[in-house]
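Reading the structure
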Amino acid sequence: MGRADVALEPTAAERRYPIGRSLPRTLRTDPPAQVVATPGPMLLSSVLDGPSLQAHRERFGPMPRLDLDAILESVSAAAVVGRGGAGFPFARKLAAVAAGKRRAVVVNLAEGEPASAKDTALALLAPHQILDGAEVVARALHTTEVHVVTPADRPAVGDAIAAAIAERASSSGRGRAHRGQPRWKLHTAAPAFVSGQARAVLELLAGRPGLPVTAWAPEAMSGLHGRPTLLSNAETWAQVAAVLRLGAQGYAAHGTAAEPGTTLLTLPHRRDPDTAVVVEAAYGTPWADVLGTDVGRPVLLGGFHGTWAAAGALAHLTVSRDELRAHGLALGAGVVLPLRLGQCPVAVTGEIVDYLAGQSARRCGPCRNGLPALATEVRRLALGDTATSWSRIGDLVGLVDKRGACAHPDGTARLVRSLLTTFDDEVVLHLSGRCSR
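Calculation rules
- Residues numbered from 1 in each chain as written.
- Predicted model: local features only at pLDDT ≥ 70, side-chain atom pairs only at ≥ 80, totals over all residues.
- Heavy atoms only, no water.
- Phe/Tyr/Trp six-rings, centres within 6.5 Å; stacked < 30°, edge-to-face > 60°.
- Helix = DSSP H or I, 4+ residues; strand = E, 2+ residues; numbered from the N terminus.
- Buried < 20%, exposed > 50% of the residue type's maximum accessible area, 1.4 Å probe, protein only.
- pLDDT = per-residue confidence, 0-100.
- Contact = heavy atoms within 4.5 Å.
- Axes fitted to C-alpha atoms, helices over the stretch in contact; angles between N-to-C directions.
- Parallel < 35°, antiparallel > 145°, perpendicular 65-115°, else oblique.
- Left-handed = near helix turned anticlockwise from the far one by under 90°.
- Nonpolar A, V, L, I, M, F, W, Y, C, P; charged D, E, K, R; others polar.
- Pairing = 2+ DSSP bridges.
- Salt bridge = Lys/Arg side-chain N within 4 Å of Asp/Glu carboxyl O.
- Expected span 1.5 Å × (residues − 1).
- Core = buried A, V, L, I, M, F, W, Y, C linked by side-chain atoms within 4.5 Å.

Turning our attention to the packing of aromatic side chains. Evaluated as defined, the whole model comprises 5 aromatic pairs. Where F304 meets Y355, the ring centres are 5.6 Å apart and the plane angle is 80 degrees; that geometry is what we call edge-to-face. Of this pair, F304 sits in the loop between strand 9 (299-301) and strand 10 (307-309) while Y355 sits in helix 11 (residues 345-357), placing them 51 residues apart in sequence. On the accessibility criterion, F304 (0% relative accessible area) is buried. Ring-pair connections join several aromatic residues into one group, and the members of that group are F193, F304 and Y355.

Okay, structure coming up:
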């Protein structure tokens, strides 16, 4: 099977919070230098064709012109959920936005999670999949502008999206209001883990620092400048385009009855740590088919805010949000990180929590104080420092969970809690100053 390789030329940008003794770095906390994508059944079916609008139209044809009711019916029947991590039903979000006035539409490509590359792969290899979905929905909502946010530390993404938008403008001669086509407005998010958070994106669009803030209503009800805002990540928009192009029944040709369609997954390259691999898997695909021999290893699912799966736990499971949830796991944003031979899950978690503590907005107590304190204790645990304790780490997890202005502390707490429950034997060893690795 062929593949498409794209170099990214990332810039180094991260904030670190000094917490004392260091662990050897085994985890990359900047974007990958290269993305490899293999052809998939829907979203990645055209990756070998090239990213041009001509190649896209030759393969898929023009998008249908649909009214709002038809779009709602299709995405509801196809059970489309957001692919940014939360898995919220797209139809419910769209219906909430449609009930308001002066609606806004946002395409979120600010992929702050360094281990994720799925939105990056779409932007570089199939950008018109993303733009098709956003354009047809914006037209049905009678929205005159679509805001597109790209990451500063992945400049190739912004370049690819700008080129794709220019192609569409050139091919249609648009910019004329009577054509009913929305205008595209490009924005660049600062390189930070929290830059892709919904409220951080809205703050950026409003001309303020792109950092999360406390919100009392979902963005679908009160988003950009208080307007109902339909904000979704790139893969979600591409999935919407696939549903509207194929129809709910055609879309359901892949996946399962309960979970139609596909999802994009980001995995590390087996030999090159600077390369991320993006694959498209239909829901219901056995994890053994995705991971191969790595299915027997411990796996971090969902990225840095994810959950740990014990060695072999995925061997008899499938790519299914529902099935994973029933086993206390979460697919999240589709990041899949198998633990390599010799890596210690406690040490890896310590590295991640250290990184996350330095990536917060520092606008509330859990981020300013709780996450650095938690990072210190997990670091001590990883180093086998007997000064820490299980109860101390557990207390700090409880103090930051569901107490912040955004979900950043919650995701960090989820990761640490997952470590304590999945690798309890290893944690006990570390508390006594030892490590099985």
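So, next bit.
It is worth spelling out the confidence of the model for the protein at this point. Here the protein shows a mean pLDDT of 89. Residues at 70 or above account for 93%. Here residues 9-21 is modelled with pLDDT under 50, and outside its nearest four sequence neighbours on either side it reaches 36 contacts, counting other chains as well. When the criterion is pLDDT under 50, residues 174-178 qualifies, and its contacts beyond four places in sequence or with other chains add up to 6 contacts.

Once that is clear, we can look at the packing of helix 5 (residues 127-140) against helix 6 (residues 155-172). Two numbers describe how helix 5 lies on helix 6: the axes approach to 10 Å, and their chain directions differ by 60 degrees. Of the possible angle classes, the one that applies to helix 5 and helix 6 is oblique. At the point where helix 5 passes helix 6, the crossing takes the right-handed sense. Of the residues in helix 6, those in contact with P127, H128, I130, L131, D132 and E135 of helix 5 are I161, A164, I165, E167 and R168. Split into classes, the residues belonging to the contact of helix 5 with helix 6 amount to 6 nonpolar, 1 polar and 4 charged.

On to the pairing of strand 3 (residues 104-108). Burial analysis of strand 3 places 5 of its 5 residues in the buried class, which makes it a mostly covered element. Sheet topology places strand 3 next to strand 6 (residues 229-233); 5 bridges connect them, and they run parallel. Note on strand 6: the bridge partner recorded for V107 is S232. Of the pairings in the sheet, the one linking strand 3 to strand 4 (residues 145-151) comprises 4 bridges and is parallel in character.

On to the pattern of salt bridges, then. For the coordinates displayed, the defined rule picks out 20 salt bridges. In this structure, the salt-bridge partner of R139 is E135, at a minimum N-O distance of 3.3 Å. One end of the pair is R139 and the other is E135, both in helix 5 and 4 residues apart, which spans about a single turn. Residue classification places E135 among the buried positions, given a relative accessible area of 10%. For the salt bridge of D354 with R379, the shortest nitrogen-to-oxygen distance reads 2.5 Å. Placement of the pair is D354 in helix 11 and R379 in helix 12 (residues 365-382), with a sequence separation of 25 residues. A single burial state applies to D354 and to R379, both of which are buried. Shared partners join several salt bridges into a network, and the residues in it are R57, D132, E135, R139, R168 and R245.

In a regular helix each residue adds 1.5 Å, so 18 residues correspond to 26 Å; helix 6 covers 26 Å between its end C-alpha atoms and thus fits that length. Within helix 6, burial applies to A156, V157, G158, A160, I161, A164, I165 and R168.

So, about the pairing of strand 8 (residues 275-282). Of all 8 residues in strand 8, 8 are buried, a share of seventy percent or more. Of the two faces of strand 8, the one lined by T275, V277, V279 and A281 and the one lined by A276, V278, E280 and A282 are each fully buried. Of the strand pairs in this sheet, strand 2 (residues 34-37) and strand 8 are connected by 4 bridges, and their pairing is parallel. Note on strand 8: the bridge partner recorded for Q34 is T275. Examined bridge by bridge, strand 7 (residues 262-268) and strand 8 share 7 bridges and lie antiparallel to one another.

Counting 59 residues, the largest nonpolar core has L109, I130, V137, L141, L230 and W237 as its most contacted members. Here this core gets 9 residues from one element, more than from any other, and that element is helix 8 (residues 234-251). Apart from the residues lying within four places of it in its own chain, the contact partners of W237 are F90, V105, V106, V107, Q129, I130, G133, A134, V137, L230 and S232. Residues I352, V353, C367 and V416 belong to the second largest nonpolar core, which totals 38 residues.

All right, on to the side chain of T318 then. You can see T318 is positioned in the loop between strand 10 and helix 10 (321-326). The class of T318 is buried, set by a relative accessible area of 18%. The contacts of T318, once residues within four sequence positions are left out, are G284, T285, P286, W287, E323 and L324.

Another point: the sheet that holds strand 10. A sheet is described by the order of its strands in space; here 3 strands give the open sequence 10-9-11, paired in antiparallel fashion. Edge positions in the sheet fall to strand 10 and strand 11 (336-338), since each of these pairs with one other strand and no more. In this sheet, adjacent strand axes meet at a mean angle of 25 degrees when their direction is disregarded. Here helix 14 (residues 408-422) sits on the sheet in contact with strand 9 and strand 10, set at roughly 25 degrees to strand 10.

Moving on to helix 4 (residues 118-125). In an α-helix, one turn spans 3.6 residues, which is why side chains three or four residues apart end up on the same side. Burial analysis of helix 4 places 8 of its 8 residues in the buried class, the great majority of the element. Buried within helix 4 we find K118, D119, T120, A121, L122, A123, L124 and L125.

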